[in-house]
Structures are given as structure tokens and as C-alpha cells.
Amino acid sequence: MLIMLSFRGSIFNIETAQSGFEQGVCEYDYLEVRDGDKGYKPLIGRFCGTRHPPRLTSTGRYMWLVFHTDDVIEYQGFQAIYEFVRNPYFKEKNPMDDCVTVISGQVEGLVNTSMISLTFNDLAKSNNSVALDCVWDIRVSPGHQIFFQMETLTLVAENECETNFLELYDGNTHHENVEQFCHSTRTSMKTKTNRLIIRAFGKPSLPTQNMHWPRFQGTFNMFRMGGFYK
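Right, let's walk through the structure included here. Every residue gets a number counted from 1 within its own chain, in the order that chain's sequence is written. Local features in this predicted model are restricted to residues whose pLDDT is 70 or higher, and side-chain atom pairs enter the listing and the counts only when it is 80 or higher, whereas totals over whole chains, interfaces and linings include all residues. The side-chain values count all of the structure's non-hydrogen atoms but skip hydrogen atoms and water molecules.

**Observations concerning the pairing of strand β19 (residues 215–224)**
Defined as follows: A pair of strands is treated as paired once DSSP finds two or more bridges between them. Helix and strand assignments come from DSSP, with helices taken as H or I runs of at least 4 residues and strands as E runs of at least 2, each series counted from the N terminus.
In the sheet, strand β10 (residues 108–112) pairs with β19 via five bridges, with the strands oriented antiparallel. Residue Val111 lies in a different strand from β19, and its bridge partner there is Gly218. The sheet contact formed by strand β12 (residues 145–154) and β19 spans nine bridges and is antiparallel. Its bridge partner being in β19, Ile146 is matched across the sheet by Met222.

**Comments concerning the side chain of Arg199**
Just so we agree on the cut-off: Summary of the burial criterion: residues with accessible area below 20% of their type's maximum are buried, those above 50% are exposed, and those between are partly exposed, where the area comes from a 1.4 Å probe applied to protein chains only. Think of a polar contact as two N or O atoms within 3.5 Å of one another; within protein, one of them needs to be a possible hydrogen donor and the other a possible acceptor, and neighboring residues in sequence only count if both atoms come from side chains. We call two residues in contact when some of their heavy atoms are within 4.5 Å.
Examined against the element boundaries, Arg199 turns out to sit in strand β16 (residues 195–202). Taking relative accessible area as the criterion, Arg199 reaches 9% and is therefore assigned buried. A polar contact of 2.9 Å, which involves the side chain of Arg199, links it to the side chain of Asp133. Discounting chain neighbours no more than four positions away, the residues touching Arg199 are Tyr40, Asp133, Cys134, Val135, Phe165, Leu166, Glu167 and Tyr169.

**Points about the pattern of salt bridges**
Definition in use: Here, a salt bridge means any side-chain nitrogen of Lys or Arg that lies within 4 Å of a carboxyl oxygen of Asp or Glu.
If you walk through the whole model with that rule in mind, you get eight salt bridges. Each member of the salt-bridge network shares a partner with another, and the members are Glu32, Arg34 and Arg46.

**Side note on the sheet that holds strand β3 (residues 30–34)**
To keep it simple, the criterion reads: For helices, the fitted line uses only the C-alpha atoms of the stretch in contact; every axis is such a line through C-alpha atoms, and the angle between N-to-C directions lies from 0 to 180 degrees.
The strand order β4-β3-β6 describes an open sheet built from three strands, whose pairing is antiparallel. Each edge of the sheet is formed by a strand with only one pairing partner; in this case those strands are β4 (43–47) and β6 (64–68). Averaged over all pairs of adjacent strands, the angle between their axes in this sheet comes to 10°, without regard to strand direction. As judged from the four bridges shared by β3 and β4, these two strands associate in the antiparallel manner. Residue pairing across strands places Arg34 opposite Leu43, the latter belonging to β4.

**Remarks on the sheet that holds strand β1 (residues 2–6)**
Strand order across the open sheet formed by three strands is β5-β1-β8, with antiparallel pairing between neighbours. Whereas interior strands pair on both sides, the edge strands pair on one side only; in this sheet they are β5 (56–57) and β8 (81–85). Sheet topology places β1 next to β5; two bridges connect them, and they run antiparallel. From the neighbouring strand, Leu5 faces β5, where its bridge partner is Leu56.

**Observations concerning a nonpolar patch on the surface**
Defined as follows: Patch membership is restricted to residues that have no salt bridge and whose relative accessible area is over 30%. Joining uses 9 Å for like charges and 5 Å for the nonpolar side chains Val, Leu, Ile, Met, Phe, Trp and Tyr. Note on areas: Shrake-Rupley with a 1.4 Å probe; residue coverage comes only from the protein chains shown.
Side chains of Met1, Tyr82 and Phe84 sit close together on the surface and give an oily, nonpolar patch of about 380 Å² of accessible area. Look at Phe84 and you get exposed, because its relative accessible area is 51%.

**Focus: the pairing of strand β13 (residues 164–170)**
Most of β13 is tucked away, with seven of its seven residues classed as buried. Of the two faces of β13, the one lined by Asn164, Leu166, Leu168 and Asp170 and the one lined by Phe165, Glu167 and Tyr169 are each fully buried. Pairing between β13 and β16: seven bridges, direction antiparallel. By the bridge assignment, Asn164 is partnered in β16 with Gly202. The sheet contact formed by β13 and strand β14 (residues 178–181) spans four bridges and is antiparallel. Bridging from a neighbouring strand, Leu168 pairs with Glu179 of β14.

Shown next as C-alpha cells:
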């Protein structure tokens, strides 16, 4: 199944820059649409102004929408209609979309790349077209935040962000919420929300048929402003 998103016959009025160099740029308010289930999936488009976007269609069964707005000028916003349609050109989904580890209800814990299932390791090793792309989704109780301490991070291809990296997202996978690391480091992060998403990405190295896999280990603790849980 695919998702088809249509704006015709509905409201579409989102602030855009009105004058000067930035005229027509979706800088302040915008609707962002991506082809997939996360904020780093391929961008379909970013839209603002009063002109209705064209009909948008995903290549799979997920479509990611984010409406971003500042607190200065308020416009009407947007309405859209979505429908599910059969895919006439069936395309198998990326098997790495299932490489997700959800950790919920814990006060503290350990995360590392050894938690990746051998199924995904073997898949990436045996298929040069598939990059290792795995996610840890850590969620704690509402009203709390997460302190994450990266104890080790080793990258095979240092400073090659197109080849391998580790990303930390606060709350969701929108690009404004990310810190990306393309070099071996030790670092820490305090989230503003009760959710931390860790993404490890590594492409295959064709000359050696080895993976440029990020190797990391870290710990997380749930806390309220003012102190950690013991």
C-alpha cells in the first residue's frame, strides 16, 4: 500500500517570507513531508505560502509530516486528505526499517551495538546494497527527562559522515532535534523530553566487503529537573 496526500479544495495558508532576499522561502512556518516513517527519510517537499502543494505519494506504507511554526505571525494553516492506495509497482521495504529496539519503563540502562540482532548483521554483511541502519528508542515516564552518557564511540571511517555516523534525537527524528557524530568521541546529552532516539548508520565498504559500522556503548538515566533517581 501507498499513501496519497491531497490538498485540493482545502485550506492552505502558511506564513512565508514576504520581501527581500528571503522572499518565498519557507523559513518561519512550513509543512515538511518525507517518504518514510522517520524525520531523516527522503524529503518529498517543504511547503508554505498560499499555493496548494501538488498531490503527494509515498513509495511505501509510511509518510512523515511535520508542521513547524514560530510564535510571531499566525496564518490559517493547512488541511489535507490522505488515502491508502494499492502499489502498482510493488517495492519491497528496506529490511533495516525493522532494526528498532524499544526500551520503555526503565529508570536506567545500558545500550550498545551488541544489542543488534544477528539477523540484521548478517543481512548487511551479505548484501552490498544494504547499509546497517538501526535505532534504539528509549522512553521514560511522562514528566521526566533522560541523561545519556556515551562511554565509547568508534567509527571506522573518521569524519566521513556519508559513510558512518551516530545520531541522537530528542523527542522525535525531526532534523532540528538531532546531534550527529562522525568521529570517535565520548559525550553526554540531556533531553528536553522523555524520549531519546539513537541511530547508528554504516555503509558497506566495497573494496573490502566489510561494514563501516559505528561501535558504541552508553548508559541512560531517567531524571526530574533537580536530581537523578538512585
